[in-house]
Amino acid sequence: MVSSQFERGFGWGLIKEGRISGFRRRALKVGLALLLVFAAAFIALPVASLFIKSASGVTLETLWNPVVIDALTLSLFTATTSVVIVIILGTPLSYLNARFDYPGKEIADSLIELPVVMPPMVGGIALLMAFGRMGVLGQHLHACGVNIAFTTVAVVVAQIFVSMPFYLRQARISFEDVDLVLENAARTLGASRTRVFFSVTLPIATNGLISGAIMAFARALGEFGATIMFAGNFQGKTQTMPLAIYTAMQGDLDVSLCLALILVAISFAIIAAVKMLTRRMYKSDVRD
Amino acid sequence: MIKETVAAILAIFVIATLAGASDTDELVVFCAASLTGAFGEIGEIYEDDTGVDVILNFDGTQALRTQVEQGAIADVFVSANKKHMDGLMAEGFMDNDTVSIFTENRMVVIVPADNPADIQSLSDLSEPGVMIITGVKDAPFGSYTLQVLDNLANDSTYGPEYREAVMSNVISQETSVSNLVSKIALGEADAGFAYQSDISPKLSEQVSKVEIPDQYNVVAEYPLGVLMEAENPDEASSFIEFVVSPEGRAVLERYGFQPV
């Protein structure tokens, strides 16, 4: 099983050609196997420990704790809202970036990627400076009676800020991968640009778009730093799962563990869903 | 050639790490966030006087307690309430003979300097639409806030409805008082419950305070002591001696504390 994976890997050709001696070959195999086991254990152990440590304290009662219910509801609601907005805004934007050149594109590209490398806390302060009540834009909004900071809207804004780049990047690559020959063929057959986009480009790119959206959802779900800075920490309004985990950690470790378990379960379900979804789509593509 | 260079660099690393680990002139102090200003200064003076490297770790007391319980190593623990110190003592993390209360603090309501919601008295806090920040209930300043509100609720002038109205104005519960103070200083909220000591000399231009009368106020007692696992217990004891010395007390007073 392990070796069959290595066979595809790089370097195996050298081994097969006999350019590496038998002993070296074995050593390499053992070394790589050890590395694989070590890497798997490094991720599996902490996750398993969450379950082991919570076995004694976490009961069904903890699960029905209002803190847990509120955080779970809020997190799912805000992360879903964020991703829907990211998809609506991000899809045309990344198509634009994939297909057209415009002045300042380089700068726009770098700017879009910035939140990925920026520590989330910095993002939170930046958002507060921009949209806070005393902020650059926020003070004018405040004058019109609109307050964003410390509301559920702020949670969504923070999540969009940090998760958008993940979608934009993936969506752009997916659009770039769509063969121009196909688009042009559709055009010569008389389809309008819009028709081509919806009937040719979008269906082909869908796989990539979905995995981009999933990445954005996961990032939004895990958002902590920007949220606590910009949206504050209030149960039922701005206290998402990560904030609730952090807050509970300081008082009730069981609640903290329970929330952490739920988050792990959701993350795992997401990964599994994406894998299944993309595999099925790939198969249907091939059949077509 | 490359191998030798790598080996040399590694050797330097190992030696540096070992040297760092065996360095005993280092004192780790876990300190309640409300003492950030005062202990920052006390730590500096102590460093200058003794040459000891004082490493201060400021956070909400409850967060620091969790860190100690999960195995963090420190020499001195400074708590913003008795509850968390008593907890650590009962769990065997403190050298109990060294623990004593060294200062007191009181609660105040702080508002941004331009006072956007025009908070003049405690009763203004219950007006609809006032944006208030408090602390999580496990943070000392959060539980003191709840006590103050309980005291107000038990008084016929304010009553339980007052407490309800104030609580419904809360927009965020911070985990450390320093986060609360900076958000008020930025003017992002109208009022917050904090310590009298939070209006440090530096902040006095950005925030002003509304007093909480003594009959409703709570006295926050701050204990400190040496941890069982302290790597440097003697240095820890002399640091505590310095905190309670006239010089240390003077710094605390300047930051609005009431040393005992």
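These numbers come from a predicted model, not from an experiment. Within each chain, residues carry numbers counting from 1 in the order of the written sequence. Chain labels run from A onward and ligand labels from 1 onward, assigned in the order the entries are written. With the structure being a predicted model, the display of local features is reserved for residues of pLDDT at least 70 and the display and counting of side-chain atom pairs for 80 or more, all residues being used for whole-chain, interface and lining totals.

Here we look at the domain arrangement of chain A
All names here are of chain A. Domain delimitation in this document rests on an assignment produced automatically or drawn from a domain database. Taken as a whole, chain A is organised into domain 1 (2-53) and domain 2 (61-287). Relative to domain 2, the C-alpha centre of domain 1 lies at a distance of 34 Å. What counts as a contact is two residues whose backbone-derived C-beta atoms lie within 7 Å of each other. Taken together, the contact between domain 1 and domain 2 spans four residues of the former and four residues of the latter.

Comments concerning the pairing of strand E9 (residues 219-226) of chain B
Residues and elements named next belong to chain B. The buried count for E9 comes to six of eight residues, which makes it a mostly enclosed element. Where strand E3 (residues 76-78) meets E9, three bridges bridge the pair, whose relative direction is antiparallel. Across the sheet, the residue bridging to valine 78 is leucine 224, located in E9. At least two DSSP bridges between two strands are required for those strands to pair. The secondary structure listing takes helices from DSSP runs of H or I that are at least 4 residues long and strands from runs of E that are at least 2 residues long, numbered from the N terminus. The pairing of strand E4 (residues 100-112) with E9 spans six bridges and is antiparallel. Directly across from glutamate 104, in E9, lies its bridge partner glutamate 221. Counts of 20 or more other C-beta atoms within 10 Å of a residue's own C-beta define buried residues, counts of 12 or fewer define exposed ones, and intermediate counts define partly exposed ones; C-beta atoms are placed from the backbone.

A look at the environment of B:Gly187
Looking at the element boundaries, B:Gly187 is found in the loop between helix H7 (177-185) and strand E7 (191-195). Along the sequence, B:Gly187 and B:Gln206 sit 19 residues apart, while their C-alpha atoms lie 8.6 Å from each other. Non-local contacts of B:Gly187, meaning those with residues more than four positions away in its chain, are made with A:Arg133, A:Met134, B:Pro112, B:Asp114 and B:Pro116.

So, H7(B)
All names here are of chain B. In terms of burial, H7 is largely enclosed, as seven of its nine residues are buried. Of all the positions in H7, only Val177, Ser178, Asn179, Leu180, Val181, Lys183 and Ile184 are classed as buried. Once H7 finishes, glycine 187 follows within two positions and takes phi at roughly 80°, a positive value.

Regarding the packing of helix H8 (residues 233-244) of chain B against helix H9 (residues 246-254) of chain B
Residue and element names in this part refer to chain B. Remark: H8 packs on H9, axes separated minimally by 4 Å, with the N-to-C direction vectors making an angle of 60°. By the angle between their axes, H8 is oblique relative to H9. Contacts between H8 and H9 pair Phe242, Val243 and Val244 from the former with Glu247, Gly248 and Arg249 from the latter. Grouping the constituent residues of the contact of H8 with H9 by class yields three nonpolar, one polar and two charged. Note on geometry: axes are C-alpha line fits, over the in-contact stretch for helices, and angles between N-to-C directions span 0 to 180 degrees. Any angle that falls under 35 degrees is termed roughly parallel, while one over 145 is termed roughly antiparallel, one within 65 to 115 roughly perpendicular, and all others oblique. Amino acid classes used here: Ala, Val, Leu, Ile, Met, Phe, Trp, Tyr, Cys and Pro are nonpolar; Asp, Glu, Lys and Arg are charged; the rest, including Gly, are polar.

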